[in-house]
Amino acid sequence: MYQEDGRLRYIEGVDNGDAPAHDGTFEVKQDILVSKFKKFVREFSYNTHNGQTAITSLKYRAQFMENCEEENYRLEVSLNDFSTDSEDGTILHHNLVNRPTEFVKLCEGALQDLYREFFHQDEDMPQKVPLMQLAFKTDANLDGTLGSTKPKMIRDLTSDQVEKLVVIQGIVASVKTPRDKVRKVVLKCSNCENVEEVTVETGFTAAHIPSSCKGNALRAGQMEKCPPNSFVAVGDLCEYAVDQSIRLQELPEHVPVGEMPRSIELCAQMYDVDRCTPGTRLTCIGVFCATEKAAGDKLTRGRNQGTNTVKYSYIQVLGLQLEQGDQSQGALKISTDEEEYFDKISKDPSIREMIFQSIAPAICASEKDSISQVKRAIACQLFGGSRKHLPSGNRLRGDINVLLLGDPGTAKSQFLKFAKQVAPIAVYTSGKGSSAAGLTAAVVKDGTGFTLEGGAMVLADNGLVCIDEFDKMDEKDRVAIHEAMEQQTISIAKAGMTVMLNTRCSVLAAANPRFGSYDDLSNTADQMDFQTTILSRFDMMFLVKDVRDPERDYRLAKHLVSLHSGAQTEEHKVPLSTQQLRKYIAYCRTKCSPRITSEGAEVLKNHYVTIRKAMKSEKATIPITVRQLEAIVRIAESLAKMELKQDADVSHVEEALRLFTVSTLDSANRDRNGVGIDVLSEEDKKELLEAEEAIRRLVPRGGRKNKFLLEQQLVSLGGVAEQTARRAIHLMTRRGELEEKNNNTLKRTE
């Protein structure tokens, strides 16, 4: 104790002169540890440069005082600031890692002492010292490319790490309702009015109430011994702190093949409560604890009397870093050098073609099929349009939904797998193995009540959901995602809970036609086993056909053989690697939010009116509504986002119209000569015209002929291919030149 300016101060610990503070193992006494932490908070500084002047700032002293003035009684310390350059920092870091429970308790008490030191004369601050929270943060990221601390996986937590500081990463599976826990219990004896205080440790622990009273020393005279269990808790004098239970699950990309994702319970308290929702990706710093099966679990009775040696493991949270939050880039952190590189390549006139070539390079594209157009559509989906919030409170989605409908063996599932790898946040699921609750959200009953667990579309918020075998889903399960695809929310009113969860994600679905493969001569509506309501929610739909062409088949076989033999040539190298493309997508989604220009809007309006007019003449298989107009706007915005442009001009609108024409309109008009593209080559068109002329010669005006006999005559007498003959009859029937009659006969109109 010493005196300075009329004040009395206490020095923690014993002054040993120049003697070392530890014995070489960094184990120090508690009072010395407290004094070193106080010194760290008071004196830790860093230099900032303002022009030519270097400014020294007291980092944690300023942060602590600012937080206390805002009634945010919390101090967040970076693990990197416990540097090994100084002896004090080494001692603090060693004790934090190896004795975190004791260290944090001492340091939070030290923060209360610092609060008295800094604010003891301030009349505006509360006289009673509040509870303090010490939190930590690290520089590790979920991608594993940055940070000096290597996080552990949940499955790597073993008994060696019990009561040690650990850093883990994962995705939040469920969050329970916050609850108030007593941190200090005030007990009063009902016999002698003796008052005792019991401090409760943090985490899933209980208070141990003394069974007997020692008596009140302040009361004079002899008193009889107090009866057992005479203490009663005084609720008004107890101190409370809020805590919350969070279920953290392994990241999908961290789960080994063939393994089930593991999860662990987190116990968050005070200012870490209600910071995350199901689907949030985060890094957690905490203490790996082991306690009884339940808080305050008693000794087992009967023959197995003794303590319960099987412990319940959980993480006592000391810091949460939300890597996802509201950012579209998900968990990726991009360095300054990468930002400069992305800004440079975005100005390249061929950046869009570079991106298209980098989409699924292992899948061979040909002019005879629509694979190259599918790659462009998936690129637009990964970048996405601009999300808009209207003054009325409504919002317009910016995410693009794509449906791939086609024959088996056309690489639909490979597109989905690639999109899952390259999207910053993605969830892959199969239609037959997914239910409505698994895709949206489920209400689960546990011991304390009902909790809400997010499904695949909630976990992929601000990301991509890949649904394979979309046609194998049950109809009632498919209806459940209607709201999630358009309004991008999930509304639940079950078990006394009325909840609305965000599902701001894109949907990439793959499906087969009703009869397995696509039939050119059947109506598209008969082969699509989907309702109009779900089809209108897809911005682009592709009919992926297995085209039989000798030249295409040879190129495809050559490409596949080179893939299997490993003989990749220079032409297979892509402009952007998967990791580069992933980061470029995250960067563009964060930095750019394009809007369509007035010139582009005028072009779009004219085309939309033309399309609606052309589709009015006959009922379309796929409806063309205002949703499709919004789809073209989103596609144009995504094309502008690839170039980091804030305006989607006429060129972007025209490319968006072309993509929409070769996808959705082509699917809607495949049955007739409409607005969509013509898939026949010049040679096929010539053969088709010759077959129609042969039909006109064989069937006079007003005459009738059996349909199958007519096909046989075309093949045997006219030398027409069987498929061409069936197609010619089909088209003439669609145009009304031939009419279907009884007994499989055709009549030529007069």
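Quick caveat, the model's predicted, so the values are computed rather than measured.

> How would you summarise the overall build of the protein if you had to cite specific residues and measurements?
Looking only at helices and strands, the protein has 22 helices and 30 strands in total. Every one of the 750 residues in the protein was classed for burial, and the buried ones make up 46%. Put simply, of all contacts in the protein between residues at least 6 apart along the chain, 71% involve residues at least 24 apart. Accessible surface, the protein: about 38,800 Å² in total, of which carbon and sulfur atoms supply 49%.

> Could you give an account of the sheet that holds strand S17 (residues 402–406), naming the residues involved and the relevant values?
Strand order in the open sheet formed by 5 strands is S18-S21-S24-S17-S25, with parallel pairing between adjacent strands. Two strands in the sheet have a free side with no partner beyond their single neighbour: strand S18 (426–430) and strand S25 (540–544). Taken pair by pair, the neighbouring strands of this sheet meet at an average axis angle of 15 degrees, ignoring direction. Here 5 bridges tie S18 to strand S21 (residues 464–468), and the two strands are oriented parallel to one another. Among the inter-strand pairings, threonine 429 is bridged to a residue of S21, identified as isoleucine 467. Packed onto the sheet, helix H8 (residues 412–422) meets S17, S18, S21 and strand S24 (506–511) and runs at close to 155 degrees relative to S21.

> Please provide a residue-by-residue account of the packing of helix H7 (residues 371–383) against helix H16 (residues 578–591), values included.
A pair of packed helices can be characterised by two numbers: the angle between their axes and the separation between those axes. Where H7 contacts H16, the axes come no closer than 9 Å and their chain directions differ by 55 degrees. In terms of orientation, H7 and H16 fall into the oblique class. Here Gln381, Leu382 and Phe383 of H7 come into contact with H16, specifically with Tyr584, Ile585, Cys588 and Arg589. Split into classes, the residues belonging to the contact of H7 with H16 amount to 5 nonpolar, 1 polar and 1 charged.

> Explain the pattern of salt bridges residue by residue, including any values.
In total, this model carries 28 salt bridges according to the counting rule given. The salt bridge partner of lysine 184 is glutamate 197, with a shortest N-O separation of 3.8 Å. A residue pair is termed long-range when its members are at least 10 positions apart, and lysine 184 in strand S8 (residues 179–189) and glutamate 197 in strand S9 (residues 195–199) qualify at 13 residues. Judged by relative accessible area, which is 53%, glutamate 197 ranks as exposed.

> So, the sheet that holds strand S29 (residues 738–741): which residues are in play, and what are the values?
The strand order across the open sheet built from 3 strands is S28-S30-S29, with neighbouring strands paired in antiparallel fashion. The sheet terminates laterally at strand S28 (704–706) and S29, the two strands that pair on one side only. With strand direction ignored, the average angle separating the axes of adjacent strands in the sheet is 30 degrees. Strand direction decides the pairing type here: S29 and strand S30 (residues 745–748), joined by 4 bridges, are antiparallel. Bridge pairing in S30 links leucine 738 to arginine 748. Contacts from helix H21 (residues 707–716) reach S28, S29 and S30 within the one sheet, and its direction differs from that of S28 by about 80 degrees.

> Go over unusual backbone geometry, please, and point to the residues and values.
At aspartate 274, a position not held by glycine, the phi torsion is positive, near 60 degrees. With respect to the helices and strands, aspartate 274 occurs in the loop between strand S12 (263–269) and strand S13 (281–291). Among the residues examined, aspartate 274 registers a relative accessible area of 56% and is labelled exposed. Even without a glycine there, the phi angle at leucine 644 is positive, about 55 degrees. Structurally, the position occupied by leucine 644 is in the loop between helix H18 (626–642) and strand S27 (647–648).

> Tell me about the state of the cysteines, residues and numbers included.
Evaluation of the coordinates by the stated rule reveals 0 disulfides. Cysteine 267 carries a free sulfur, and the closest cysteine sulfur to it, the one in cysteine 289, is 8.5 Å from it. Its relative accessible area of 1% is what places cysteine 267 among the buried residues.

> Tell me about the packing of H7 against H8, residues and numbers included.
Interhelical geometry of H7 versus H8 gives an angle of 30 degrees and a closest axis separation of 11 Å. Looking at the two axes, H7 sits roughly parallel to H8. Considering the relative orientation of H7 and H8, their crossing is right-handed. Of the residues in H8, those in contact with Ile371, Val374, Lys375, Ile378 and Leu382 of H7 are Phe415, Ala419 and Val422. Taken together, the residues that form the contact of H7 with H8 break down as 7 nonpolar, no polar and 1 charged.

> Help me get a handle on the nonpolar core, residues and values and all.
Ranked by internal contacts, the top residues of the largest apolar core, which has 59 residues, are Ile355 and Phe542. With 8 residues, H7 is the largest single contributor of residues to this core. Core analysis: the next-biggest nonpolar cluster, separate from the first, contains 42 residues, Ile32, Leu92, Phe119 and Cys289 among them.

> So what's going on with the confidence of the model for the protein? Which residues, and what values?
Residues of the protein with pLDDT of at least 70 account for 79%, and the chain-wide mean is 76. The secondary structure element of the protein with the lowest average pLDDT is strand S1 (residues 2–4), at 42, and the one with the highest is strand S26 (residues 595–596), at 88. Scored below 50 in pLDDT, residues 1–24 makes 21 contacts in the model with residues more than four places away or belonging to other chains. The model gives residues 294–306 a pLDDT under 50, and that stretch makes 10 contacts with residues more than four places away or in other chains.

> Which residues make up the environment of asparagine 95, and what are the values?
Within the secondary structure, asparagine 95 is located in helix H3 (residues 87–98). Spatially, the C-alpha atoms of asparagine 95 and lysine 164 are 9.7 Å apart, while their sequence positions differ by 69 residues. Of the polar contacts made by the side chain of asparagine 95, one reaches the side chain of arginine 99; its length is 2.3 Å.

> Account for the pairing of S13, with residues named and values stated.
Across the 11 residues of S13, 10 count as buried, placing the element largely inside the fold. Note that strand S7 (residues 165–175) and S13 share 7 bridges and pair antiparallel. By the bridge assignment for S13, valine 166 is matched with glycine 286.

> Please give an account of the packing of aromatic side chains that cites residues and values.
Counted under the stated rule, the structure contains 8 aromatic pairs. Here the aromatic rings of phenylalanine 342 and tyrosine 587 are separated by 5.7 Å at their centres, their planes lie at 45 degrees, and the arrangement is tilted. Taken together, the positions of phenylalanine 342 in helix H5 (residues 336–346) and tyrosine 587 in helix H16 put the pair 245 residues apart, joining distant regions of the chain. Considered together, phenylalanine 342 and tyrosine 587 belong to a single accessibility category, that of buried residues. When the ring of phenylalanine 470 is compared with that of phenylalanine 538, the centres are 5.9 Å apart and the planes differ by 85 degrees; the resulting orientation is edge-to-face. Here phenylalanine 538 lies in the loop between helix H14 (532–535) and S25 and phenylalanine 470 lies in the loop between S21 and helix H11 (475–479), a separation of 68 residues in the sequence. Here phenylalanine 470 and phenylalanine 538 have matching classes, each one buried. Of the aromatic side chains, those joined through ring pairs into one cluster are Tyr341, Phe342, Phe383, Tyr584 and Tyr587. Taking NZ or CZ as reference, lysine 417 lies 4.0 Å from the ring centre of tyrosine 428, over its face.

> A description of the side chain of lysine 705 should follow, citing residues and the corresponding values.
With respect to the secondary-structure elements, lysine 705 resides in strand S28. Here lysine 705 occupies a buried position and makes no salt bridge, while the nearest side chain of opposite charge, glutamate 711, is found at 13 Å.

Rules used throughout
Residues numbered from 1 in each chain as written. Predicted model: local features only at pLDDT ≥ 70, side-chain atom pairs only at ≥ 80, totals over all residues. Heavy atoms only, no water. Helix = DSSP H or I, 4+ residues; strand = E, 2+ residues; numbered from the N terminus. Buried < 20%, exposed > 50% of the residue type's maximum accessible area, 1.4 Å probe, protein only. Contact = heavy atoms within 4.5 Å. Areas by Shrake-Rupley, 256 points an atom, 1.4 Å probe, with all protein chains shown as cover. Pairing = 2+ DSSP bridges. Axes fitted to C-alpha atoms, helices over the stretch in contact; angles between N-to-C directions. Parallel < 35°, antiparallel > 145°, perpendicular 65-115°, else oblique. Nonpolar A, V, L, I, M, F, W, Y, C, P; charged D, E, K, R; others polar. Salt bridge = Lys/Arg side-chain N within 4 Å of Asp/Glu carboxyl O. Disulfide = S-S within 2.5 Å. Left-handed = near helix turned anticlockwise from the far one by under 90°. Core = buried A, V, L, I, M, F, W, Y, C linked by side-chain atoms within 4.5 Å. pLDDT = per-residue confidence, 0-100. Polar contact = N/O pair within 3.5 Å; in protein donor to acceptor, adjacent residues only side chain to side chain. Phe/Tyr/Trp six-rings, centres within 6.5 Å; stacked < 30°, edge-to-face > 60°. Lys NZ or Arg CZ within 6 Å of the ring centre and 35° of its normal. Lys, Arg positive; Asp, Glu negative; His and termini not counted.

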